[in-house]
Each structure stands twice: as structure tokens, then as C-alpha cells.
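Here is how the chains run, residue by residue.
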Amino acid sequence: MAPKGKVYRGSVKDFPGFDASQDAEALYNAMKGFGSDKEAILDLITSRSNKQRVEICQAYKSLYGKDLIADLKYELTGKFERLIVSLMRAPAYSDAKEIKDAIAGIGTDEKCLIEILASRTNEEIHNLVAAYKDAYERDLEADIVGDTSGHFKKMLVVLLQGTREEDDVVSEDLVEQDARELLEAGELKWGTDEAQFIYILGRRSKQHLRLVFDEYLKISGKPIERSIRAELSGDFEKLMLAVVKCVRSTAEYFAERLYKAMKGLGTRDNTLIRIMVSRSEIDMLDIREVFRTKYEKSLYNMIKEDTSGEYKKALLKLCGGDDDAAGEFFPEAAQVAYRMWELSAVAKVELRGTIQPAGSFNDDGDAQVLRKAMKGLGTDEGAIIDVLTQRSNAQRQQILKAYKAHYGRDLMADLKSELSGSLAKLILGLMLTPAQYDAKQLRKAVEGAGTDESVLIEIMATRNNQEIRAINEAYQQAYNKRLEDDLSSDTSGHFKRILVSLALGNRDEGPENLTQAHEDAKVVAETLKLADVSSNDSSDSLETRFLSILCTRSYPHLRRVFQEFIKMTNHDVEHAIRKRMSGDVREAFIAIVRSVKNKPAFFADKLYKSMKGAGTDERTLTRIMISRSEIDLLNIRGEFIDLFDKSLHHMIEKDTSGDYRKALLALCGGED
């Protein structure tokens, strides 16, 4: 069933000893009389390949003079009926029916059009066009042109031609030319040349486009997806993003679609059915692997939790197995992870904050505005927010001095007495220097009963040498104690050793060393018990070396170490740490790994978790918004929308309120 030379990756295979007439008779008996034997129907249909099901339909017609699909529609109901009937159609006719339903009547299901046309091969597109003509006696292109508009329509028409290049021989010169033309058509142009995006993304081969996307990242410092989000809009933007995702990994695209179909309240059953049916004989095993790796749960278990009855049983049969049983990392997932580390190594990312020094800055004028806002009855919180969220930290330090010189008063004390709650914590945090603020957060994390390990990990694992040294100095000055001593007395074991090592601020800052990286990868593999050969070193010695590698090697070097680790073990280091470590040690090492891979993405994830679900973790939200506002909050915003398909601005707006929300949105710096 797989193309010649390729391994079959579907979950449904030809049934051995297949007999179309015998199966037709079994289905007839299952539907005969009062009621129907749904279990027998689903067991039979989900264990036959599509080619065999088509033969069963023909045999049923010959034996009983009846249409099997019509009988199934009559006997079954709801989602189960839709799933079983979809399985009975040939793939091209199933796609044709989905598209017909998507454009019929009032309104258009653009998501369905995007999913099908962005993901199908040339051959599948040609078969779809022919099936649509045969089934509905209409021209598919004409129907889509009549139901869509603008650049969205133009790209759909290009995809409908099924003329994407299929040659795997790639010209380096053309790769560079296409990457440059995409950059000039979007980021470097006043307005956007959509036609260039349509031509390149609609015609070039997948192999060619993957290299174009890599080259684009090198020359622009950002992934092509982020540029598409910035330059395009609406359904056209969604279509182009789907094309890019399918070029990168069709399996990952469908894993994401399936996850979104089931996450949260309610299930998008039409999407779930369409994907489970259409991919069951193509790449369901790949989709399962990516799903398990990306979402840390199996597709099988998510279907099991989210559906019920015969519908659930049929979907689980199409899924073909539970990957949580094995709980291991998969070969394709390892390749994806390797590629991510490779991209992390070549990306030239310019870190950008949202807060810049204010032009025409007047520290004395700002001090007067703040004094007026706090004088007399009541407080003008809006005026305080407008001034302090639009000044750089260095300018805020000047305002503190000007306020003292002008009024003989301590601005921090006045702000503390006039403001309250979350807003007070945010504004007072902004008035401290970055090192003072981090030192204060660390002090709070270790003083009193209990320790807030998550704060210790977040700060110590993500700050550079210069920042760590400044924090040490600020901590000593504020609390007359050494940070290292407080960390040592408040933590224990390997976790203490990690924090103390990071607190020294002695991480290498040089480039990678390939020979050393290979040796370091061996130590990591042996420590995580993934090496083929065992080391002569004791367990304690290995752990010490492992800790030293993660806490003292430079970021460029560690990226190479983690790539070598994948080549050596077929595992991603983050996944391996999650599986083989526990507690605060695991969380600390994961924070280091994720910071090395993509620090803005690490903070985007923490911000998302601080606001998702019931309640808001305002301490984390405030801490990150303050500490990253002048470093990389713009980058974090970009990663946030890439990861969660919603803007940081929108989530803050929805999850907070009042003056606290106003101040956070000012720091956020705009809607993406």
C-alpha cells in the first residue's frame, strides 16, 4: 500500500484473507431486522482498507441491489454515522464531499478548504478535482472562485492546479534568490507583494522550500511564519501558514489540528473525523509520534478522554494503538528535535524590548507630574502609569533622584503609600534596577517558611554572567548577605549545587568546540542512561560532570552538545531529562535547556501558564513583564503568538483588570 521504496506509515492495512461478498453479507445481517449491530459494523469497516471498502460496496450492490452507504446512513446516527460513511468513500470523493459541504449554503468553512488544499499532494489534488466533477457535475475551481475572494482565492486556485514542483534536486542559487525575494516582498517593502508569496509558496517543491525557510531565517533573523503573520492577514494568512507547516512537516500540521480539535470545552468532530479518516492510510503513525512528543500525551488517550460510545471505539481503531504504553521518544520526533537545535544554532535573533528611552526626557518634569498625581485626596493612577511605563529603567533612576532633590521626599515611599495590590507591586518593581529587582525576587523566594523553587530556577537559569554578577552585588548591598550563602542554606543536594554553580556567573562565553561537544554529549548520554557503552566513571562523578556541562558551557557550545546527543541516542535532551529525572533538579535542567534553545519561547510559555485556566499567577506575570520589558519582550510576543495562536496583549486584556491591566498592556507595547 505504500509507494515503491517507502515504508507504509498508515494505521489501517489491507485485511488478510479479504472476501468482499462475505463482508457485504456480514454488514447486511448487522443491519437486518429491528435495530443494528453497531459493534459488528465498526469492527468490520475500521479493519478494512479503503480499497477493500469500495469493493464491499460493489459486492453489496450486486448481492442485494441496494446502496450500502444509503443503508448505513439510514441505520446509524450522529457522529458515528458521519465517521462510518466517510470511511466508505474513496479518498478523493471524501475530500470532494468535504469541500462541497464547506462551500454549500450561506457562509464558507475556510478552515476545511485550507486544511485539504494546503496538505494534499499533486496527485491527490488531481484526483480530487476529477472526483468533484464526477460526483457533482460541477467545476471545483469555478465553485471555489465563486465562494472566496482576494489573495485567499488566488492562492487556493494556484494550489488547485496541482503543479507544485516535485524535483528533489535543489539549486542553492535559487534558494538564496527565493529567500531574498520573500524578504523583499514583505519585511523590506512598504506594503506587501502578495503575488511573490503566492508564486513561491504555491509552486516550489517541499524540499526546496524547507531550504528557503532556513535561508530566510539566516538573513532576516526570524522564521518565515512570523513574517507571514506580520505581513498578511485573515484567511490568506491562515492558508499561507498552513502551507508552511505542511512543507515543514505534514504530520506535525495534522497533529496540531487534532490537538486543537479536542482541547478545551467541546470537540470539533468534523475536523477530528476528517483527519482520522483521510490520514489513516497515509501517515497516522507519524502523526501519532509527533503528537506524543509535542503534547506529552498520546493521540489515543486524548481521543479516549474526549469522545464516547461507538464513535470513540471507531476512532481508536483508526488511531491504531496507544503510544503512552511505550513512553519512548520516536525516530521522526528525534529528527524534528535535531532540526530545531540546528535552527536554534543558525538563527541570528536580535533581542528587542518594548520599552525604549523616552525622547525629550525631562526628569524634573516627570517628578512634578508624579507628585501632582499623588498630592491631595485620591491618586491619579493613570498619570503614574503613563509616566513610569514609558520610561527606560535608567530614566526612572533619574526621576527618583529628581523627585528627592525637588521635594526632599522618597518617591518609592510615596508610591508605596498611594498604590496598592498588584499595581503597587508592578510600579514599585519598575522603579528598582534590574539587578535590585531580581535580588528582591530571589530574597522573597528563600526567606520565611518554604522556598519558591520556581522563582530561583527562572532567574538563575536565564540570566547571563553580567546579570548574575550584578544580582550578587545588589543582593549583598540590600541584605548584607551573600546570595550564594542563602541559596546554600535554603536548598539541598544536586539542586543546591546547580544554583550555586549558576550563581558564580562563570558560564563560558566562547564559540562551540566540536570535539569537546562530542565528549560532553557522551557524558550527558551516560548520565541519562542512554549511552550504548557504560562509562568507567562513578555515578557521582558523571552527575558532577553533567552538572558542570549544563551550568558552565557556553550557549553555542551547548546547542552543539544537544545536537550530538540526538545523533548519539536518537533522543532529545529535554525529553530525556523529563523521563529520567524528577523534582527541582529536573525543572532546573529543563529551564537551562529551554533557555539555550530559545529564551523568549521559554518566557512566552511561562507567561501563558501564568494566565491560562482559572485564576492568574500575578507574581509570575508581573515578574516577567518587568524583567523582560527592556530585553526581549518583543521577541517573547512573537514566540507567544507562534506557540499559542493568540497575542500576549489579548491574553493580558482578557485575564487582568483595572489599572494593573493598563500598566501591563503599556509594558506589553502593542497588539500583534
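Our structure's up above, just so we're on the same page.
First things first, this report covers the structure right here in the doc. Only a predicted model underlies this, so the values are computations on that prediction, with no experimental measurement involved. Think of each chain on its own: its residues are numbered from 1, step by step along the sequence as written. It should be noted that, the model being predicted, local features are given only for residues of pLDDT at least 70 and side-chain atom pairs only at 80 or more, the latter also being counted only at that level, while totals for whole chains, interfaces and linings use all residues. Values shown for side chains rest on all heavy atoms present in the structure; no hydrogens or waters enter the calculation.

## Here we look at the overall build of the chain
What the chain contains, in helices and strands, is 39 helices and zero strands. The proportion of buried residues among the 672 residues of the chain is 51%. Should any heavy atoms of two residues lie within 4.5 Å, those residues are considered in contact. Restricting the contact set of the chain to residue pairs at least 6 apart, pairs at least 24 apart contribute 72%. Side-chain charges in the chain split into 99 positive and 111 negative, and the spacing between the mean points of these groups amounts to 3 Å. Each helix is a run of H or I in the DSSP string that is no shorter than four residues. Each strand is a run of E no shorter than two, and both are numbered from the N terminus. Relative accessibility thresholds used throughout: buried, under 20% of the residue-type maximum; exposed, over 50%; partly exposed, between the two (1.4 Å probe, protein chains only). A positive count includes Lys and Arg, and a negative count includes Asp and Glu. His and the chain ends are not counted in either. Every charge is mapped to an atom, namely NZ of Lys, CZ of Arg, CG of Asp or CD of Glu.

## Quick word on the layout of surface pockets
Size it by volume and the second largest pocket reaches roughly 1300 Å³. In terms of lining, the second largest pocket is formed by 40 residues, of which the most central are Arg 229, Leu 241, Ile 641, Asp 645 and Lys 646. Looking at the lining of the second largest pocket, the elements that each hand over two or more residues are α7 (110–119), α14 (224–231), α15 (234–262), α37 (633–644) and α38 (648–655). Cavities and pockets are found on a 1 Å grid laid over the protein atoms alone: a cavity is a set of points where a 1.4 Å probe fits but cannot escape, a pocket is an open set with protein on both sides within 12 Å along at least five of seven lines, and a lining residue has an atom within 4 Å of such a point. Grid points are joined across faces, edges and corners, and a volume is the space filled by probe spheres set on the points.

## Topic: the environment of Thr 544
Secondary-structure assignment places Thr 544 in helix α32 (residues 539–552). Distance from Thr 544 to Arg 497, taken between C-alpha atoms, is 9.0 Å for residues 47 residues apart in sequence.

## Side note on unusual backbone geometry
With the exception of glycine, the majority of residues adopt a negative phi angle, and the majority of peptide bonds are in the trans configuration. A positive phi angle is found at Glu 137, which is not glycine, with a value near 50 degrees. Position of Glu 137 among the secondary structure elements: in the loop between α8 (122–136) and α9 (140–147). Judged by its relative accessible area of 70%, Glu 137 falls in the exposed class.

## Observations regarding a positive patch on the surface
Patches here are clusters of residues that have more than 30% relative accessible area and form no salt bridge, with a 9 Å joining cutoff for like charges and a 5 Å cutoff for nonpolar side chains (Val, Leu, Ile, Met, Phe, Trp, Tyr). Only the protein chains shown count as covering a residue, and every accessible area follows the Shrake-Rupley method with a 1.4 Å probe. Salt bridges are defined by distance alone: a side-chain nitrogen of Lys or Arg within 4 Å of a carboxyl oxygen of Asp or Glu. Side chains of Lys 111, Lys 238, Lys 263, Arg 268 and Lys 612 sit close together on the surface and give a patch of like positive charge. Tracing the sequence through the fold places Lys 238 in helix α15. On the accessibility criterion, Lys 238 (45% relative accessible area) is partly exposed.

## Describing the pattern of salt bridges
Opposite charge on two side chains permits them to pair, given that their charged atoms come into close proximity. Tallying each qualifying case throughout the model produces 49 salt bridges. We note a salt bridge from Lys 66 to Asp 71, for which the minimum N-O separation is 3.5 Å. When its relative accessible area of 15% is taken as the criterion, Asp 71 is described as buried. Salt-bridge contacts for Asp 366 lead to Arg 391; the nearest nitrogen and oxygen are separated by 2.7 Å. Highlighted residues: Asp 366 in helix α21 (residues 363–374) and Arg 391 in the loop between α22 (381–388) and α23 (393–407), separated in sequence by 25 residues. Classification of Arg 391 as buried rests on a relative accessible area of 16%. Three or more residues are tied together by salt bridges with common partners; here these are Arg 82, Glu 98, Glu 115, Arg 257 and Arg 274.

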